[in-house]
Amino acid sequence: MTELTPPSKPKRKATNVSLDVDLLREAKSLGINISRSAELGLREALAKKRAELWKQENKDALEASNAFVEANGIPLASHRKF
């Protein structure tokens, strides 16, 4: 049996960011981890941007698929039970 290795911690790099003073003050007063929150926000922004880029890159295929369905209906629709 093989041992499972725990996931490695991500490498971190110190960086400087400029934040709204009031937001920073409130976050600190509420005990929010600024670095982790910024990282989470950046992950969400990256996911959103990747999705936008994917849609742009696949626009022609999506339009062709939608046109096919509009002209011919949903494939195998007769087998749907809902």
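In case you missed it, the structure is sitting above this.
No experiment lies behind these values; they were computed from the predicted model shown.

Caption draft 1: Just the pattern of salt bridges, in detail. For the structure shown, the criterion picks out 5 salt bridges. With its nearest N and O atoms 3.3 Å apart, the salt bridge here joins Arg-43 to Glu-39. Of this pair, Arg-43 and Glu-39 both sit in helix H2 (residues 34-57), 4 residues apart, which is roughly one turn of the helix. What makes Glu-39 partly exposed here is its relative accessible area of 24%.

Caption draft 2: Looking closely at helix H3 (residues 59-72). Across its 14 residues, H3 extends 20 Å between first and last C-alpha, which sits within 8% of the 20 Å expected from 1.5 Å per residue. Just beyond H3, the residue with positive phi is Gly-73, at close to 85 degrees.

Caption draft 3: Quick look at a nonpolar patch on the surface. A cluster of nonpolar residues, Phe-68, Val-69 and Ile-74, forms a patch on the protein surface that exposes about 250 Å² of accessible area. Note that Ile-74 resides in the segment after H3. Taking the relative accessible area as the measure of exposure, Ile-74 reaches 45% and is therefore partly exposed.

Caption draft 4: Examining helix H1 (residues 21-29) more closely. Two or three places before Asp-22, at the start of H1, stands the capping residue Asp-20, its side-chain oxygen 2.9 Å from that residue's backbone nitrogen. Positive backbone phi, approximately 75 degrees, marks Gly-31, located one or two places after H1.

Caption draft 5: Looking closely at the environment of Ala-77. One can find Ala-77 in the segment after H3. Residues Ala-77 and Ile-34 lie 43 residues apart in sequence; the distance between their C-alpha atoms is 50 Å.

Caption draft 6: Up close: unusual backbone geometry. In the Ramachandran plot, Leu-76 falls in the positive-phi region, its phi being about 60 degrees despite a non-glycine side chain. One can find Leu-76 in the segment after H3.

Caption draft 7: Structural view of the environment of Lys-49. Residue position: Lys-49 is located in helix H2. Here the alpha-carbon distance between Lys-49 and Lys-9, two residues 40 residues apart in the chain, equals 25 Å.

About the cut-offs
- Residues numbered from 1 in each chain as written.
- Predicted model: local features only at pLDDT ≥ 70, side-chain atom pairs only at ≥ 80, totals over all residues.
- Heavy atoms only, no water.
- Salt bridge = Lys/Arg side-chain N within 4 Å of Asp/Glu carboxyl O.
- Helix = DSSP H or I, 4+ residues; strand = E, 2+ residues; numbered from the N terminus.
- Buried < 20%, exposed > 50% of the residue type's maximum accessible area, 1.4 Å probe, protein only.
- Expected span 1.5 Å × (residues − 1).
- Patch = residues over 30% accessible without salt bridge, like charges linked within 9 Å, V, L, I, M, F, W, Y side chains within 5 Å.
- Areas by Shrake-Rupley, 256 points an atom, 1.4 Å probe, with all protein chains shown as cover.
- Polar contact = N/O pair within 3.5 Å; in protein donor to acceptor, adjacent residues only side chain to side chain.

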